[in-house]
Amino acid sequence: MAASPKLAARGGDSSRRDADRALLRLIDDEVSNGITFENDDLVGDKSIRGRKGERDAALDYYDGVMEDLPSEQGRSSAVSRDVADVTDTMLPGLMRVFAGADKVAVYAPNKPGDEEAASQATDYINYVWANEINGYQITHTWIKDALDVRNGIVKAYWDSTPEYESEDLRGLDEDQIVALLEDPEVKLIGADGRDQIIHDPASGQMVPLTVYDVRINRATTNGKLVVENVPPDDFGISKGASSIETARAVWHRSRVTRSDLVKQGYPRDVVEDLPAYGSRKSRSDADRYEDDDTRSSLAGETGATAEVEVIEAYVRFDYDDDGIAEMRKVVVAGSSGGREPLSNEPWTEEVPFVSMTGQPVPHRWMGRSTFDNVGDLQRVKTALLRGVLDNIYSQNRPQRCVVDEAIINPDEVLNPTYGGVIRIKKGHTAQGAIQDLVAPNISGNILAGIQYIDSVIQRRTGVSTATASLDSTALEPQTATAASLEHDASYARVELIARNMAEMGFKPLFSKLLRIIVRNQDRPRTVRLRDEWVAFDPVGWNAAMDVSINVGLGTGSRERDLTMLSGIRARQNAIIEQLGLENPVVTPSMVVAAEHKMVEAAGVKDPEQFFRPITAEEFSQWQASKPPAPPDPKLQAIQAKAQMDQQTLQARAQGDQQRIQADVAMDQAKQAAELQMARERLEQEHALKVEQMNRDFELRRAEMENEAQLRAVSMATGVQGVSTNIPRQ
């Protein structure tokens with residue numbers, strides 16, 4: 001058992017033993033009172049659950065086992081399998097969303113310089129998911145668990161056990177063997193020595209030499225990524241936890257043979273004292289061991305092949321008594337109250353579990369299942385279905401009113417046979433001796449009730465005939481808009497479930513896978529990808545890169561997806577025709593991406609074999625290296641005609657311009673002449689006016705002089721009455 005370095009300073013072995021005992025008590029308490037398959041502690045129909053856990057009852061309802069609704073003796077025992085119908089209808093669409101694309105997850109850089117690493121991480125981790133850890137089966141089981149029992153659990157970790165390849169080498173001498181074993185990745189399995197005669201170059205003689213034929217194991221990997229589904233009945237979490245990351249404790253219990261525990265390095269004496277695993281009463285475990293004889297034989301086994309219950313727990317506990325609870329990984333074995341610790345170490349990495357649910361419940365870790373939505377309706381519908389069948393049975397074989405004294409062979413009445421004869425005594429008629437008590441036909445009313453239950457199931461789950469790829473009404477007259485609206489409305493809940501699974505399940509898982517690979521894979525790997533050998537070295541990758549899950553398609557039929565994508569491609573082609581190949585709106589990489597989506601929507605993987613991805617740089621290089629196309633004769637004729645037309649237009653325009661210039665010049669000259677004539681006329685008129693004014697002035701002056709002379713004469717002579725008013729013109 002690992003001890004913390006702080007223990008020595010804190011008080012030594014006694015304090016450590018006290019901490020170990022407290023830690024074991026905490027684990028026993030968590031396992032007994034936490035949320036497990038048998039103790040699921042969530043809202044639900046308690047009348048359905050009865051003595052079982054709700055998730056145990058969910059599996060029974062899925063299989064058509066309804067212990068809470070037993071059938072009456074002699075009556076119909078039919079069961080409506082609505083839980084199974086809803087689950088099995090949703091499962092194909094969800095699998096198509098997460099397993100239909102070539103790349104389940106796409107990594108994106110979150111800082112400059114991560115672009116190339118993000119592209120490599122996307123290719124490599126999707127390759128590992130699909131080809132090395134059987135991602136399809138993990139996805140199917142994970143989704144099925146989430147639909148059936150609320151939460152599906154996967155465990156992702158790095159298995160550091162190296163993998164070896166055997167090699168046989170012949171004729172090695174001792175120096176060669178020593179040099180070979182200096183390689184830490186080589187383990188010697190066996191060696192056989194033999195003598196042979198060789199030529200010694202130094203002496204020139206033939207001398208004996210011992211050589212060896214050896215078998216070695218050479219390490220090919222330093223470990224591998226492991227992703228595995230955890231059975232729901234083998235997982236537990238602290239009561240009241242809202243997530244695995246914040247839970248006080250999470251644990252995974254499993255059944256391991258004593259032999260495997262010894263191989264893992266645990267002390268043999270401790271392992272041999274562990275009690276053998278007893279039979280468990282959970283339904284899921286019973287499914288894995290359906291044979292009662294197998295279960296009893298396993299429970300009674302002893303020795304190395306006996307199975308032991310092992311719990312791998314991740315617990316927050318103040319082991320070093322510093323007042324802060326640290327995460328510890330503790331492995332214990334045995335039953336409650338007698339569990340023995342196999343290992344106890346501080347845990348600085350993330351918890352290896354990822355939980356997924358399609359219908360999360362706020363502030364709770366556990367979500368809801370199909371059974372939670374449909375279980376009560378399945379019980380009501382089963383009762384109605386049995387009523388319909390009982391009514392039909394009673395009409396096919398009604399009760400009879402019989403007069404005993406009138407029947408000679410009453411056995412034929414009680415146990416009728418086809419073609420049998422009922423003998424009636426004389427004096428009695430058949431109508432008087434035997435009369436059928438026909439029950440009224442009420443199946444129509446009950447079937448109406450069943451249809452109502454189906455409508456409630458559709459509203460709760462979104463599953464209906466409209467969500468199927470083809471139903472009986474697909475060929476009936478209906479507008480495309482009405483059909484599309486009905487389908488989209490019915491599928492809205494299923495689409496929400498897919499989005500919840502993507503964001504709360506697959507996204508955290510693929511983020512965890514990236515961190516595990518970056519942290520543990522310390523050497524490059526070369527894998528065959530798209531018919532090419534590609535080397536991937538995660539050492540320089542950013543473990544905190546963003547990740548997104550491909551869930552764009554799959555929410556409708558393939559025909560609907562292809563129609564939508566065909567419309568997108570048509571718009572892309574229109575833009576390219578309008579703006580040309582080198583346009584800023586639709587790049588060649590966008591066209592290839594649309595073609596990839598169309599291939600994936602058609603259900604074909606690896607779209608790169610049909611359309612190779614291309615970058616902007618590659619397209620530019622291709623454009624530059626492309627030889628010029630030969631001239632088209634028709635185009636040349638059109639260009640020559642256009643050139644001639646252009647020359648004609650230019651000549652015509654030049655003549656028009658010259659004519660316009662001449663007209664302008666003439667107009668300007670005419671205007672100048674008219675202006676000059678007007679100026680001269682004004683000058684002449686001005687001169688005449690000046691001359692007239694001068695003459696008038698001279699005349700007036702002469703008149704004034706004459707008047708002055710006359711006035712002077714009059715004054716001199718004393719003659720009065722001489723008029724000085726000379727008439728003026």
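Residues numbered from 1 in each chain as written. Predicted model: local features only at pLDDT ≥ 70, side-chain atom pairs only at ≥ 80, totals over all residues. Heavy atoms only, no water.

1. A short note on the overall build of the chain
Line of reasoning, step 1. From N to C terminus, the chain includes 21 helices and 17 strands.
Line of reasoning, step 2. Per-residue burial over the chain gives 36% buried out of 729 residues.
Line of reasoning, step 3. Long-range pairs, those at least 24 residues apart, make up 69% of the contacts in the chain with a sequence separation of at least 6.
Line of reasoning, step 4. About 43,000 Å² of surface is accessible on the chain, with carbon and sulfur atoms providing 53% of the total. (Helix = DSSP H or I, 4+ residues; strand = E, 2+ residues; numbered from the N terminus. Buried < 20%, exposed > 50% of the residue type's maximum accessible area, 1.4 Å probe, protein only. Contact = heavy atoms within 4.5 Å. Areas by Shrake-Rupley, 256 points an atom, 1.4 Å probe, with all protein chains shown as cover.)

2. Focus on a nonpolar patch on the surface
Line of reasoning, step 1. Taken together, the side chains of Val604, Phe610 and Phe611 define a hydrophobic patch exposed on the protein surface, amounting to about 250 Å² of accessible area.
Line of reasoning, step 2. Mapped onto the fold, phenylalanine 610 is located in the loop between α19 (588-601) and α20 (616-625). (Patch = residues over 30% accessible without salt bridge, like charges linked within 9 Å, V, L, I, M, F, W, Y side chains within 5 Å. Salt bridge = Lys/Arg side-chain N within 4 Å of Asp/Glu carboxyl O.)

3. Observations regarding the sheet that holds strand β12 (residues 353-356)
Line of reasoning, step 1. The 3 strands lie next to each other as β6-β2-β12, forming an open sheet whose pairing is antiparallel. What marks the edges here is a single partner per strand, and that holds for β6 (224-230) and β12. Between one strand and the next, the sheet's axes are offset by a mean angle of 20°, whatever the strand orientation. (Pairing = 2+ DSSP bridges. Axes fitted to C-alpha atoms, helices over the stretch in contact; angles between N-to-C directions.)

4. Examining the nonpolar core
Line of reasoning, step 1. One finds Trp129, Ile143, Met501, Phe506, Phe510 and Leu513 to be the most contacted residues of the largest nonpolar core, which totals 67 residues.
Line of reasoning, step 2. Examining the composition of this core, we find that 14 residues originate from one element, helix α17 (residues 480-520), more than from any other.
Line of reasoning, step 3. Sequence-distant contacts of methionine 501, that is, excluding residues within four places in its chain, are made with Leu94, Phe98, Ile143, Ala146, Leu147, Met356, Thr357, Gly358 and Phe506. (Core = buried A, V, L, I, M, F, W, Y, C linked by side-chain atoms within 4.5 Å.)

5. A short note on the confidence of the model for the chain
Line of reasoning, step 1. Summary statistics for the chain give a mean pLDDT of 82 and a share of 85% for residues scoring 70 or more.
Line of reasoning, step 2. The secondary-structure element of the chain with the lowest mean pLDDT is helix α1 (residues 6-10), recorded at 37, while β12 shows the highest, at 96.
Line of reasoning, step 3. Below a pLDDT of 50 lies the segment residues 1-11, which in the model reaches 21 contacts outside its immediate sequence neighbourhood of four places, other chains included.
Line of reasoning, step 4. In the predicted structure, residues 279-286 sits below a pLDDT of 50 and forms 26 contacts with residues beyond four places in sequence or in another chain. (pLDDT = per-residue confidence, 0-100.)

6. Re the pattern of salt bridges
Line of reasoning, step 1. Enumeration according to the criterion identifies 31 salt bridges in this entry.
Line of reasoning, step 2. Linking arginine 515 and glutamate 350 is a salt bridge whose minimum nitrogen-to-oxygen distance equals 2.8 Å. You can see arginine 515 sitting in helix α17 and its partner glutamate 350 sitting in the loop between β11 (340-346) and β12, a full 165 residues away along the chain.
Line of reasoning, step 3. A relative accessible area of 28% places arginine 515 in the partly exposed class.
Line of reasoning, step 4. As a salt-bridge pair, arginine 499 and glutamate 503 come within 3.4 Å of each other at their nearest N and O atoms. Placement of the pair is arginine 499 and glutamate 503 together in helix α17, with a separation of 4 residues, close to one helical turn.
Line of reasoning, step 5. Several salt bridges share partner residues, and in doing so they unite Asp28, Glu309 and Arg339 into one network.

7. Some points on the packing of helix α13 (residues 370-396) against helix α16 (residues 443-461)
Line of reasoning, step 1. Contact geometry for α13 and α16: axes closest at 9 Å, N-to-C directions at 165°. Accordingly, the angle class assigned to the pair α13 and α16 is roughly antiparallel. Considering only the axes of α13 and α16, their crossing is left-handed. Residue-level contacts link Asn373, Val374, Asp376, Leu377, Val380, Lys381, Leu384, Leu385, Gly387, Val388 and Asn391 of α13 to Ser443, Ile446, Leu447, Gly449, Ile450, Ile453, Asp454, Val456, Ile457, Arg460 and Thr461 of α16.
Line of reasoning, step 2. The class makeup of the residues in the contact of α13 with α16 is 12 nonpolar, 6 polar and 4 charged. (Parallel < 35°, antiparallel > 145°, perpendicular 65-115°, else oblique. Left-handed = near helix turned anticlockwise from the far one by under 90°. Nonpolar A, V, L, I, M, F, W, Y, C, P; charged D, E, K, R; others polar.)

8. Remarks on helix α4 (residues 54-62)
Line of reasoning, step 1. Counting buried residues in α4 gives 9 out of 9 residues, a clear majority hidden from the surface.
Line of reasoning, step 2. Those residues of α4 that fall on the buried side of the exposure criterion are Glu54, Arg55, Asp56, Ala57, Ala58, Leu59, Asp60, Tyr61 and Tyr62.
Line of reasoning, step 3. Positive phi appears at glycine 64, one or two residues downstream of α4, with a value of about 80°.

9. Some details on the side chain of serine 243
Line of reasoning, step 1. Relative to the helices and strands, serine 243 resides in the loop between β7 (235-237) and β8 (249-257).
Line of reasoning, step 2. Other than its neighbours up to four places away in sequence, serine 243 contacts Ile237 and Trp365.

10. With respect to the side chain of aspartate 372
Line of reasoning, step 1. Along the chain, aspartate 372 turns up in helix α13.
Line of reasoning, step 2. At a separation of 2.8 Å, a polar atom in the side chain of aspartate 372 contacts the side chain of arginine 150. (Polar contact = N/O pair within 3.5 Å; in protein donor to acceptor, adjacent residues only side chain to side chain.)

11. What to know about the environment of valine 211
Line of reasoning, step 1. In this structure, valine 211 sits in strand β5 (residues 206-221).
Line of reasoning, step 2. Take valine 211: its relative accessible area is 2%, and that puts it in the buried class.
Line of reasoning, step 3. Other than its neighbours up to four places away in sequence, valine 211 contacts Gly171, Leu172, Asp192, Gly193, Arg194 and Gln196.

12. Some points on helix α5 (residues 82-99)
Line of reasoning, step 1. For α5, spanning 18 residues, the distance from its first C-alpha to its last is 25 Å, which sits close to the expected 26 Å at 1.5 Å a residue.
Line of reasoning, step 2. Along α5, the sharpest kink reaches roughly 25°, centred on leucine 91 and followed within four residues by the proline proline 92.
Line of reasoning, step 3. Counting buried residues in α5 gives 14 out of 18 residues, a clear majority hidden from the surface. (Expected span 1.5 Å × (residues − 1). Bend = angle between axes of the 7 residues up to and from the residue.)

13. Points about the packing of aromatic side chains
Line of reasoning, step 1. Going through the model one piece at a time under the given rule, you end up with 11 aromatic pairs.
Line of reasoning, step 2. Taking the centre distance of 6.1 Å and the plane angle of 65° together, the rings of tyrosine 124 and tryptophan 541 count as edge-to-face. Of this pair, tyrosine 124 sits in helix α6 (residues 115-131) while tryptophan 541 sits in the loop between β16 (532-536) and β17 (546-549), placing them 417 residues apart in sequence.
Line of reasoning, step 3. Note on tyrosine 124: relative accessible area 1%, which makes it buried.
Line of reasoning, step 4. Considering the side-chain rings of phenylalanine 235 and tryptophan 365, the 5.8 Å spacing of their centres and the 40° angle between planes classify their relative orientation as tilted. Note that phenylalanine 235 is positioned in strand β7 and tryptophan 365 in the loop between β12 and α13, a separation of 130 residues in sequence. (Phe/Tyr/Trp six-rings, centres within 6.5 Å; stacked < 30°, edge-to-face > 60°.)

14. Quick word on the sheet that holds strand β9 (residues 307-317)
Line of reasoning, step 1. With antiparallel pairing, 5 strands are arranged side by side in an open sheet as β7-β8-β9-β10-β11. Pairing within the sheet leaves two strands with one partner each, and these edge strands are β7 and β11. Strand-to-strand twist of the sheet, defined as the mean angle between neighbouring strand axes without regard to direction, takes the value 20°.
Line of reasoning, step 2. Pairing of β7 with β8 involves 3 bridges; the strand directions are antiparallel. Residue isoleucine 237 lies in a different strand from β8, and its bridge partner there is valine 250.

15. Side note on unusual backbone geometry
Line of reasoning, step 1. Unlike most non-glycine residues, asparagine 134 shows phi in positive territory, near 55°.
Line of reasoning, step 2. For aspartate 321, which is not glycine, the phi dihedral falls at a positive 55°.
Line of reasoning, step 3. Inspection of the secondary structure puts aspartate 321 in the loop between β9 and β10 (326-333).

16. Examining the environment of asparagine 520
Line of reasoning, step 1. Residue position: asparagine 520 is located in helix α17.
Line of reasoning, step 2. Classification of asparagine 520 by relative accessible area gives partly exposed; the value is 22%.
Line of reasoning, step 3. Discounting residues that sit within four places of it in the chain, asparagine 520 has contacts with Trp158 and Asn222.
Line of reasoning, step 4. A polar side-chain atom of asparagine 520 sits 2.8 Å from the main-chain carbonyl oxygen of isoleucine 516.

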